[in-house]
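Chain and residue survey
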Amino acid sequence: MLITRPHGKYGESMFDPDFYCGKTVFITGATGFKGAWMSLLLSLHGATVIGYALKPPTTPSLFDVLDLKNRIIFVEGDIRDLDKLAGTMAQYRPEIVIHMAAQPIVRESYINPVYTYGTNVMGTVNLLEAVRKCPGVRSVINVTTDKVYLNHEWEWGYRETDRLDGHDPYSNSKSCSELVTGAYQRSFLNDAGIAVSTCRAGNVIGGGDFAVDRIIPDCMRSMESGSDIVVRNPGSIRPYQHVLEPICAYLCVAQAQYEDPALAGAYNIGPEYCDCVTTGELADLFCKLWGEGARWIGLTQEKAPHEAGFLKLDCARILRVLGWKPRWHIEDAVKMTVAWGKIYLQHGDLLAEMQRQIVSYLT
């Protein structure tokens, strides 16, 4: 069922549903948290979504909760399998490709660095190789991370021209993915008329994230079990934003460069500086909005693997070039997340709630 909407653009979101209606969009990592939200949003706006991914990375998963396997065309496959990836893309011949498949957890990258580099670096090589062999592709988005930068833990935000050199295997592998994208763009894709951008988003929150080692999923699991929330490194500052913010920004960039390839490039996507909060402040906000006696306790792990303590993005470029800016402040984002969580625990209608949130964001 399509979302009932007015004709043309919603509000100032820069997301034009009429542009995507009828287009074929190839999404790697469709079974992940952001991939599931994007798959739902595009399918509700009339796009033909081809999801290429491994099985959902968690149990439960948003992909399964929404029964997305029966809402989109889903192909189970590994991004490291070039033949299957290229064959699937050639079969469906998408116009737009959004690459989100990744090993996305910093702490996991310390445990499995080879898998992390294989997925995040060679996965990008395979994706771009499949793109250049597939007739009809016009717009490609490679989703990386705010952690690609050499982080000096400055007070100001990093710009797209700052040095790339992530510290840990996850962050560094995403820096490498950026370099791979640039090389393919200059060597092959520009001449083929294929526009390619990389999008560097901050930490996302929202309903349906069941991952480990993430603050909001940890909060949700504590609410489900009736226990206190344990917050690791509560003083760390991150650019938290609702999942719809980067998803709609990716679609904004994909559409803009489809229509004008000169707009392709690297784009930071993050919240306003006032919404860059500590993990402890985010937990405070969650507990206040959840109510029911929710509370958290801090845990500082002295021997934990290195993670950045302070990180901000400068998002002036995407505002200047495309007119995109975040729409929800951090309290709005947590409020939507809490609403989803309460409906989930009450076994309510999550699809209806997500449609409501999508419409609310875009209007």
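Residues numbered from 1 in each chain as written. Predicted model: local features only at pLDDT ≥ 70, side-chain atom pairs only at ≥ 80, totals over all residues. Heavy atoms only, no water.

This part takes up the packing of helix 8 (residues 215-225) against helix 12 (residues 330-345). Relative to each other, helix 8 and helix 12 sit at 35 degrees, their axes nearing to 11 Å. In this structure, helix 8 meets helix 12 at a crossing whose hand is right-handed. On helix 12, the residues that touch I216, M220, M223 and E224 of helix 8 are T337, G341 and L345. (Axes fitted to C-alpha atoms, helices over the stretch in contact; angles between N-to-C directions. Helix = DSSP H or I, 4+ residues; strand = E, 2+ residues; numbered from the N terminus. Left-handed = near helix turned anticlockwise from the far one by under 90°. Contact = heavy atoms within 4.5 Å.)

The next subject is the packing of aromatic side chains. A complete count under the given rule lists 13 aromatic pairs for this structure. Here F63 and F74 contribute two aromatic rings whose centre-to-centre distance is 5.1 Å and whose plane-to-plane angle is 55 degrees, an arrangement assigned as tilted. Here the residue F63 occupies a position in helix 3 (residues 62-65), and F74 occupies one in strand 3 (residues 73-76), the gap between them amounting to 11 residues. Geometry around F19 places K23 over its ring, the cationic atom sitting 4.2 Å from the centre. The ring of F188 has R132 lying over it, and the distance from NZ or CZ to the ring centre is 4.1 Å. (Phe/Tyr/Trp six-rings, centres within 6.5 Å; stacked < 30°, edge-to-face > 60°. Lys NZ or Arg CZ within 6 Å of the ring centre and 35° of its normal.)

Taken together, the side chains of V230, I297 and L299 define a hydrophobic patch exposed on the protein surface, amounting to about 230 Å² of accessible area. Relative to the helices and strands, L299 resides in strand 13 (residues 296-299). (Patch = residues over 30% accessible without salt bridge, like charges linked within 9 Å, V, L, I, M, F, W, Y side chains within 5 Å. Areas by Shrake-Rupley, 256 points an atom, 1.4 Å probe, with all protein chains shown as cover. Salt bridge = Lys/Arg side-chain N within 4 Å of Asp/Glu carboxyl O.)

A few words now on the sheet that holds strand 6 (residues 195-201). Taking strand neighbours across the sheet as the criterion, the 7 strands line up as 3-2-1-4-5-6-11 in an open arrangement whose pairing is parallel. Edge strands, defined here as strands with exactly one partner in the open sheet, are strand 3 and strand 11 (266-269). With strand direction ignored, the average angle separating the axes of adjacent strands in the sheet is 20 degrees. Of the pairings in the sheet, the one linking strand 5 (residues 139-143) to strand 6 comprises 5 bridges and is parallel in character. Following the sheet pairing, V143 is matched in strand 6 by C199. Together, strand 1 (24-28), strand 2 (48-53), strand 3 and strand 4 (96-99) form the strand contacts of helix 4 (residues 82-92), whose direction differs from that of strand 3 by roughly 160 degrees. Seen against the sheet, helix 6 (residues 113-132) touches strand 1, strand 4 and strand 5 and runs at an angle of roughly 175 degrees to strand 4. (Pairing = 2+ DSSP bridges.)

Another aspect to go through is the pairing of strand 8 (residues 229-232). Only one face of strand 8 is covered, namely the one carrying I229 and V231; the face carrying V230 and R232 has none of its residues buried. As defined by bridge partners, strand 8 adjoins strand 13 across 4 bridges and the pair is classed as parallel. Within strand 13, the position partnered with V231 by the bridge is G298. (Buried < 20%, exposed > 50% of the residue type's maximum accessible area, 1.4 Å probe, protein only.)

All right, on to the side chain of S139 then. Note that S139 resides in strand 5. Within the structure, S139 has its side chain in polar contact with the backbone oxygen of A254 (distance 2.9 Å). Excluding residues that lie within four positions of it along the chain, S139 makes contacts with E95, I96, V97, A195, A254, Q257 and Y258. (Polar contact = N/O pair within 3.5 Å; in protein donor to acceptor, adjacent residues only side chain to side chain.)

Every second residue of strand 11 is oriented toward a common face, with A266 and N268 on one face and Y267 and I269 on the other, all of them buried. One ladder, built from 4 bridges, connects strand 6 with strand 11; its direction is parallel. Looking at the pairing, A201 lines up with I269 of strand 11.

Take the environment of R356 next. Following the sequence through the fold, R356 ends up in helix 13 (residues 350-362). Those residues in contact with R356 that lie beyond four places of it in its chain are M336 and A339. Side-chain polar atoms of R356 contact the side chain of E353, separated by 2.6 Å.

What follows concerns unusual backbone geometry. In this structure, the amide linkage connecting T59 to the following residue, P60, adopts the cis form with an omega of 5 degrees. Its location among the elements puts P60 in the loop between strand 2 and helix 3. Of note, D67 is a non-glycine position whose phi angle comes to about 55 degrees, a positive value. Relative to the helices and strands, D67 is located in the loop between helix 3 and strand 3. Of note in the backbone geometry, N233 takes a positive phi value of approximately 50 degrees without being a glycine. Along the chain, the position of N233 falls in the loop between strand 8 and strand 9 (237-238).

It is worth spelling out helix 10 (residues 279-290) at this point. Given a rise of 1.5 Å per residue, 12 residues ought to cover 16 Å, and the 16 Å separating the end C-alpha atoms of helix 10 matches this to within 8%. When helix 10 is considered as a whole, its buried residues turn out to be T279, G280, L282, A283, L285, F286, C287 and W290. Among the structural elements, strand 7 (204-205), helix 8, strand 8, strand 12 (277-278), strand 13 and helix 12 are those in contact with the buried residues of helix 10. Trailing helix 10 by a residue or two, G291 shows a phi angle of about 70 degrees, which is positive. (Expected span 1.5 Å × (residues − 1).)

With that settled, consider helix 9 (residues 244-259). In this model, helix 9 (16 residues) spans 23 Å end to end at C-alpha, consistent with the 22 Å of a helix rising 1.5 Å per residue. Of all 16 residues that make up helix 9, 15 are buried, and the element is covered over most of its length.

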